[in-house]
Amino acid sequence: MKPQEPTVATRSRFERHKIAARPHETTLHTHTRNRIDREVEHDFKPELELVPPIATSHTELDAAPVAPVQKKEPKKVAKTKVPMAPCHWGLLVAALVLSAVSVPLVYSASTAIALDQHGGDPNFFLSRQLMNVVFGIVMMVFVSRLDTRKVRGFVWTLYMVAVAGLLLTKFSPLGFAMGNVERWVKLGPVTFQFSELAKIALIGVMADYWKLSVRRSQKTMRPWGWAAGIAGVPFVLTFIQPHLSAALVLAAIPFVVAFCAGVPTAHFKKILLPIVGLGIITVFMCKTHSVPFLATYQQDRIAAKLSGGDDEQGGNYQQLQGERAIVRGGPAGVGLGASLYKQGHLPAPHTDFIFAVIAEETGLWGAVLLVGLYGAIVFFCFQIGHSSNDRFAKLLCSGVGALWALQALGNIGVVSGVLPVTGMPLPVLTYGGSGLWCALLGVGLVLSVSRTHCQEN
């Protein structure tokens, strides 16, 4: 039974007002609704028949095979390769170039001393330098693959190994002496100088320490006590070998890293001013050879530098020969392998005074290119640290760059007569596996920071 249409009397006041306003719409809607109701009532035909379910026994259900559910394998998303920064490739190329040129330069500087002291074999140092370079590059590449988070634990391990090695150097039969100084540990055919490893390890440890203590240092100077304890152990063990140049570098590392971390400048004034004053007094006491904690030959070299004389047989002998070799080279050099001063005039032409032989054979232009290569490595280390978002990574890269700068400037300053002779090695170019391996180890740590930074970005 259809519901009746509401009459005018039953409509509400609002509906009557609406019909009065638009009567044609109301009538049209009423006819349309009646037509749709008639069509639905007479013309509806169901398109689908409802079939009752077929009863199935439990046995049939159990016997029916169940189709295995196929798990959708997640789609493999291709990892996008992040391009390395230009400073990453710049540091890698500069380190590889320096390592490659070290082989012919060491060979040229060592032929005379190899013929004289190693059974007439001119290739004695060449083969060893080549093996040192290959091993150093492999180690650099391996360390560069480490994540920065793993490097923090790695540097503390290196620190413990370095301290243990320094103890073995001085207080065990494994200590090996050359030239009246005991600086090496001999393990079969391999000799290693743990003071070089201590430099890299101390940089990493100080970077981790000052990352955590820099905020506290804004209020108090107590963090310097722990820093002095951490750095003091390898410093004392290196100083008593004796190895003055390495000890000075180890003493400078905490201050360099602290400065880069943002420790207040007032702290440096309070600490460094007494140290500088004590150093000046010690230097002038060397003239009278009355410094109890310095060896006699060390006091002789400092006193000879202060006197400024041309003593051919005294502490100035090595520097005088180095200066003459540089002057003889001139702008263009005398040619690779044609050095005169490597033939018995320089006591260590392939180690501490190799820069004098390089300047003699390649001239001013070769020396400038070499200094520029060192400058590029230092710049790239600082640039990679600056671009990193992690404070530990920043301090680590800054420390490695500062170490390269200190050793390069120290060696060149000694050879050119600006600084007294202290035995500072020239990174990578000075013959010896320990210095070369540790220098490339530092570069590998910086490259690991660069690689991690690019992956995070």
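From a predicted model like this one, the values you see are computed outputs, not experimental measurements. (Residues numbered from 1 in each chain as written. Predicted model: local features only at pLDDT ≥ 70, side-chain atom pairs only at ≥ 80, totals over all residues. Heavy atoms only, no water.)

*Asks:* I'd love a proper account of the overall build of the chain, names of residues and values included.
*Replies:* From N to C terminus, the chain includes 15 helices and three strands. Residues counted as buried form 43% of the 457 residues belonging to the chain. Excluding contacts between residues fewer than 6 apart, the proportion of contacts in the chain whose partners are at least 24 apart in sequence is 69%. Within the structure as shown, the chain displays about 26000 Å² of accessible surface, and the carbon and sulfur contribution to it stands at 65%. (Helix = DSSP H or I, 4+ residues; strand = E, 2+ residues; numbered from the N terminus. Buried < 20%, exposed > 50% of the residue type's maximum accessible area, 1.4 Å probe, protein only. Contact = heavy atoms within 4.5 Å. Areas by Shrake-Rupley, 256 points an atom, 1.4 Å probe, with all protein chains shown as cover.)

*Asks:* Pulling in residues and values, what's your account of the packing of aromatic side chains?
*Replies:* Summed over all chains, the structure comprises 15 aromatic pairs. Arranged with centres 5.3 Å apart and planes meeting at 70°, the rings of tyrosine 209 and tryptophan 210 form a pair that is edge-to-face. Ring centres of phenylalanine 239 and phenylalanine 293 lie 6.4 Å apart, and the angle between their planes is 45°; on these two criteria the pair is classed as tilted. Within this pair, whereas phenylalanine 239 is found in helix H8 (residues 223-239), its partner phenylalanine 293 is found in the loop between helix H10 (265-285) and helix H11 (296-307), the two being separated by 54 residues in sequence. On the accessibility criterion, phenylalanine 293 (47% relative accessible area) is partly exposed. Feature note: the residues Tyr209, Trp210, Trp224, Phe255, Phe259 and Phe268 constitute an aromatic cluster, connected by ring pairs. Sitting above the plane of the phenylalanine 124 ring, arginine 128 keeps its charged end 3.8 Å from the centroid. The aromatic ring of phenylalanine 392 is capped on one face by arginine 152, whose charged end is 5.8 Å from the ring centroid. (Phe/Tyr/Trp six-rings, centres within 6.5 Å; stacked < 30°, edge-to-face > 60°. Lys NZ or Arg CZ within 6 Å of the ring centre and 35° of its normal.)

*Asks:* Describe the pattern of salt bridges, with residues and values.
*Replies:* Applying the stated criterion to the full structure yields six salt bridges. Where aspartate 390 meets lysine 211, a salt bridge forms, and the shortest distance between an N and an O atom there is 3.6 Å. Separated by 179 residues along the polypeptide, aspartate 390 in the loop between helix H13 (354-387) and helix H14 (391-415) and lysine 211 in helix H7 (residues 194-217) bring together distant segments of the chain. Using a relative accessible area of 23% as the deciding quantity, one classes lysine 211 as partly exposed. (Salt bridge = Lys/Arg side-chain N within 4 Å of Asp/Glu carboxyl O.)

*Asks:* Outline the environment of valine 151, supporting the account with residue identities and numerical values.
*Replies:* As for its position among the elements, valine 151 is in helix H6 (residues 148-171). On a C-alpha basis, the gap between valine 151 and alanine 393 in space is 9.3 Å, while along the polypeptide they are 242 residues apart. Excluding residues within four positions of it along the chain, valine 151 makes contact with Leu146, Phe392, Leu396, Leu445 and Ser448.

*Asks:* Before we move on, could you go through the pairing of strand E2 (residues 181-187) and cite the residues and values that matter?
*Replies:* With four bridges connecting them, strand E1 (residues 175-178) and E2 associate as antiparallel partners. By the bridge assignment, phenylalanine 176 is partnered in E2 with tryptophan 184. The loop that links E2 with its antiparallel partner strand E3 (residues 190-192) comprises two residues; one of these, glycine 188, has a positive phi angle of about 70°. (Pairing = 2+ DSSP bridges.)

*Asks:* Explain the environment of isoleucine 271 to me, and be specific about the residues and the numbers.
*Replies:* Its location among the elements puts isoleucine 271 in helix H10. Put simply, isoleucine 271 and phenylalanine 255 are 16 residues apart on the chain and 9.8 Å apart in space, counted from C-alpha to C-alpha. If we ignore the near neighbours within four places in the chain, the residues touching isoleucine 271 are Met221, Trp224 and Phe255.

*Asks:* Tell me about the sheet that holds E2, and name the residues and values.
*Replies:* With respect to topology, three strands assemble into an open sheet ordered E1-E2-E3, the strand pairing being antiparallel. Every interior strand has two partners, whereas the edge strands, E1 and E3, have only one. Each adjacent strand pair in this sheet contributes to an overall mean axis angle of 45°, direction not counted. Note: E2 against E3, three bridges, orientation antiparallel. Bridge pairing in E3 links lysine 186 to threonine 191. (Axes fitted to C-alpha atoms, helices over the stretch in contact; angles between N-to-C directions.)

*Asks:* I'd like a rundown of helix H9 (residues 244-261), residues and numbers included.
*Replies:* Across its 18 residues, H9 extends 27 Å between first and last C-alpha, which sits within 8% of the 26 Å expected from 1.5 Å per residue. Remark: the principal bend of H9, roughly 30°, maps to alanine 252, with a proline, proline 254, within the next four residues. If you check which residues of H9 are buried, you get Leu244, Ser245, Ala246, Ala247, Val249, Leu250, Ile253, Pro254, Phe255, Val257, Ala258 and Ala261. Taken together, the buried residues of H9 touch H7, H8, H10, H11 and H14. (Expected span 1.5 Å × (residues − 1). Bend = angle between axes of the 7 residues up to and from the residue.)

*Asks:* Let's hear about the nonpolar core: which residues, and what values?
*Replies:* Counting residues in hydrophobic clusters, the biggest one holds 102 residues, and the most contacted among them are Leu91, Leu98, Met206, Trp210 and Trp404. Per-element tally for this core: the top contributor is H13, with 15 residues. In this view, methionine 206 contacts Ala227, Ile230, Ile253, Pro254 and Val257; residues no more than four positions away in its chain are not counted. With five residues, the next largest nonpolar core counts Leu244, Cys286, Val291 and Leu294 among its residues. (Core = buried A, V, L, I, M, F, W, Y, C linked by side-chain atoms within 4.5 Å.)

*Asks:* Lay out the state of the cysteines in plain terms, naming residues and giving numbers.
*Replies:* This model, assessed by the stated rule, comprises zero disulfides. Unpaired in this structure, cysteine 397 has its nearest cysteine sulfur neighbour in cysteine 381, at a distance of 6.8 Å. (Disulfide = S-S within 2.5 Å.)

*Asks:* Hey, could you go over the side chain of serine 195 for me, with residue numbers and the actual values?
*Replies:* One can find serine 195 in helix H7. Take serine 195: its relative accessible area is 0%, and that puts it in the buried class. Once residues within four sequence positions are removed from consideration, serine 195 is found in contact with Leu166, Thr238, His243 and Ala246.

*Asks:* With reference to specific residues and values, describe unusual backbone geometry.
*Replies:* That bond from glutamine 241 to proline 242 is cis: its omega, 0°, falls within 30 degrees of zero. Relative to the helices and strands, proline 242 is located in the loop between H8 and H9. Look at histidine 289: it is not a glycine, yet its phi comes out positive at around 55°. Topologically, histidine 289 is positioned in the loop between H10 and H11. Look at histidine 289 and you get partly exposed, because its relative accessible area is 39%. One non-glycine residue, valine 428, lies in the positive phi region at around 75°. Structurally, valine 428 can be placed in the loop between H14 and helix H15 (433-456). For valine 428, a relative accessible area of 2% corresponds to the buried category.

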